[in-house]
Amino acid sequence: MPLHLTEELSHDITQAFDLSNLHSVVQRASRRMGFDHFALNFDLHQHHASPDGVLLHDYPDTWAQVYVAFDLAGQDPVRRACDKSLTGFAWRDLPHLIPMTKGHRQMLAIGRELGLADGYTIGRHLPGESSGSCSFVVRAERSLPQGMLMVAELLGALALAAARRLTVGPATPPPVRFTDRQRECVLWAARGKTAYETSIILGISEETVIQHVKMARECSALHSRSELTSFALRLRKTIYPTDPALSWSYAYQHRADVENRLKQAGLRIAAYLNTVLDPVATEP
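Residues numbered from 1 in each chain as written. Predicted model: local features only at pLDDT ≥ 70, side-chain atom pairs only at ≥ 80, totals over all residues. Heavy atoms only, no water.

(A) Looking closely at the environment of E218. By the element assignment, E218 lies in helix α10 (residues 206-219). Residue E218 is classed as partly exposed on the basis of its relative accessible area, which comes to 49%. Here the alpha-carbon distance between E218 and G128, two residues 90 residues apart in the chain, equals 9.7 Å. (Helix = DSSP H or I, 4+ residues; strand = E, 2+ residues; numbered from the N terminus. Buried < 20%, exposed > 50% of the residue type's maximum accessible area, 1.4 Å probe, protein only.)

In C-alpha cells form, the structure reads like this:
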C-alpha cells in the first residue's frame, strides 16, 4: 500500500470543513487512486432532524438524472449488497453477495452504457442512527486499480465518517424512554445480575425479566445485553434520574424483603448481600 499517498489523502478527507469541500477532496482522492468517478451516500434514520442525508457524486449527468427521476435507490443492487459484506466489494462480485434480479442486471447494464463499468464500494451501518456507502468507479475501457483497493477501503470509510461528522455532529446517545419495570431490570443487569437473580429480587418470573430487558434493548436501538448494560452505566443519571426505587439506598432499605425472596430460592444470602446490597459499595 502506498503509505505516503494514503496518509496525504486521509488527512485531506478528515479535515474536510463542509460537504462541498468533502466532495472536492473525495473526488481528488478518487483520481489519485486511479478511478474515474465516485459516489457517497449517507442516510440518517428517522429520529434525526435532517431526514434527507447526504449524496455527493461526480457520476455522468445522464445517469444521475435517471437514478433520481426513477427513484432507483431502493432497487440499487450495490446498496443492497452493502448489508451483506463486512468489507468493500467489487461490483463484479455482486452475484456472490445477493440474488441478482433481472432489474438489477438491467440497472448495471445501463450504468455501463453511461460510463460506470465497474466499481469498488465500501458500506457502513450504525444501528439506530445511519447508513451509507462510498463507491469508486472506473469507465468501460478500464479495470479497477487492484493495487489501490485497500487504500479505497480506508478512504471510503473515512469519507463516510466525515459525512457523518458534518451532518450529525458529535455522537450523542439516543433518547431513552424505559418503563419503570424495564428500568429496574436494566439496573440489575448493569450490576451484573442474571435474569434469574433479578426475577427473585423483583418478585417476577425469569421470563418476564428477559422480556423487559429485550424491550428495553429494542427501544434504545441497542442489539445485545452487553451493549444495553454499557449504555445504562454511561447514562445512569438519565435512565435512573432521582427515582428512589432505582437507587442503591432503596435496595438497602428493602433488604429484608429481598432477603426473604432470596431465602425462598435457596440462595446464599450473605455472599449475595455483600456484593449487591452493600450500602457503601461504589456505584457504577
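Having seen the structure, we can now continue with the description.
(B) Molecular detail of the nonpolar core. With 32 residues, the main nonpolar core has I13, L22, V26, M33, F35, L40 and F136 as its most contacted residues. Counting residues per element, the ones that place at least two in this core are α1 (3-14), α2 (19-33), β1 (37-44), β2 (54-57), β4 (118-126), β5 (130-138) and α7 (149-168). Here the element with the most residues in this core is α7; it accounts for eight residues. Those residues in contact with F136, other than ones at most four positions away along the chain, are V26, S30, M33, F35, H37, F38, D118, G119, Y120, I122, A152 and G156. A81, F89, I98 and L116 belong to the second largest nonpolar core, which has 17 residues in total. (Core = buried A, V, L, I, M, F, W, Y, C linked by side-chain atoms within 4.5 Å. Contact = heavy atoms within 4.5 Å.)

(C) The arrangement of the pairing of β4 in detail. Here strand β3 (residues 89-90) pairs with β4 via two bridges, running antiparallel. Residue pairing across strands places F89 opposite T121, the latter belonging to β4. Inspection of the sheet shows β4 paired to β5 by nine bridges, in the antiparallel sense. Residue pairing in the sheet places T121 in a bridge with S135 of β5. Linking two consecutive strands that pair antiparallel, namely β4 and β5, is a turn of three residues; a positive phi of about 80° is found at G128 within it. (Pairing = 2+ DSSP bridges.)

(D) Up close: the sheet that holds β2. Reading across the sheet, the five strands line up as β2-β1-β5-β4-β3 and stay open at both edges, with antiparallel pairing between neighbours. Edge positions in the sheet fall to β2 and β3, since each of these pairs with one other strand and no more. Of the strand pairs in this sheet, β1 and β5 are connected by eight bridges, and their pairing is antiparallel. Looking at the pairing, D43 lines up with S131 of β5.

(E) Quick peek at the pattern of salt bridges. Using the criterion set out here, one finds eight salt bridges in the structure. Between R32 and E8 there is a salt bridge, with its nearest N and O atoms 3.0 Å apart. With R32 in helix α2 and E8 in helix α1, this pair connects stretches of sequence that are 24 residues apart. We classify E8 as partly exposed; its relative accessible area is 36%. Through salt bridges that share partners, D36, R139, E141 and R142 make up one connected network. (Salt bridge = Lys/Arg side-chain N within 4 Å of Asp/Glu carboxyl O.)

(F) Region of the structure containing α2. End to end, α2 covers 21 Å across 15 residues, agreeing with the expected 21 Å (1.5 Å per residue, within 8%). Within the span of α2, buried status applies to N21, L22, V25, V26, A29, S30 and M33. Among the structural elements, α1, β1, β2, β5 and α7 are those in contact with the buried residues of α2. The opening residue of α2 is D18, an N-cap whose side-chain oxygen sits 3.2 Å from the backbone nitrogen of S20. Looking one or two residues beyond α2, the residue adopting positive phi is G34, at roughly 100°. (Expected span 1.5 Å × (residues − 1). Polar contact = N/O pair within 3.5 Å; in protein donor to acceptor, adjacent residues only side chain to side chain.)

(G) Region of interest: helix α6 (residues 102-113). Taking 1.5 Å per residue, twelve residues should reach 16 Å; α6 reaches 17 Å between its end C-alpha atoms and fits that length. All of the buried residues along α6 are H104, M107, L108 and G111. Viewed along the axis of α6, the buried residues span an arc of 95°, placing them on a single side of the element. Along α6, the residues that are exposed and aim more than 90 degrees away from the buried face are K102 and E113. If you follow the buried residues of α6, they end up packed against α3 (61-69), α4 (77-82) and α5 (94-97). (Arc of directions from axis to C-beta.)

(H) Seen up close, the side chain of N41. Relative to the assigned elements, N41 resides in strand β1. When neighbours within four sequence positions are excluded, N41 is seen to be in contact with V54, L55, R79, S131, G132, S133 and L160.

(I) Looking closely at the side chain of E197. Mapping E197 onto the fold places it in helix α9 (residues 195-202). Of the buried charged residues, E197 lacks a salt bridge, with K193 as the closest side chain of opposite charge at 4.1 Å. Here T194 takes part through its backbone nitrogen, which lies 3.0 Å from a polar atom of the side chain of E197. (Lys, Arg positive; Asp, Glu negative; His and termini not counted.)

(J) Geometry of the packing of aromatic side chains. Throughout the structure, instances matching the rule amount to two aromatic pairs. Taking the centre distance of 5.5 Å and the plane angle of 35° together, the rings of F35 and F136 count as tilted. Of the two residues, F35 sits in the loop between α2 and β1 while F136 sits in strand β5, which places them 101 residues apart along the sequence. Take F35 and F136: they sit in the same class, and that class is buried. Between W63 and Y67 the ring centres are 5.7 Å apart and the planes differ by 55°, which places this aromatic pair in the tilted class. Residue W63 and its partner Y67 are both found in helix α3; the two are separated by four residues, about one turn of the helix. Taken individually, W63 and Y67 each receive the classification buried, so the pair is uniform in this respect. (Phe/Tyr/Trp six-rings, centres within 6.5 Å; stacked < 30°, edge-to-face > 60°.)

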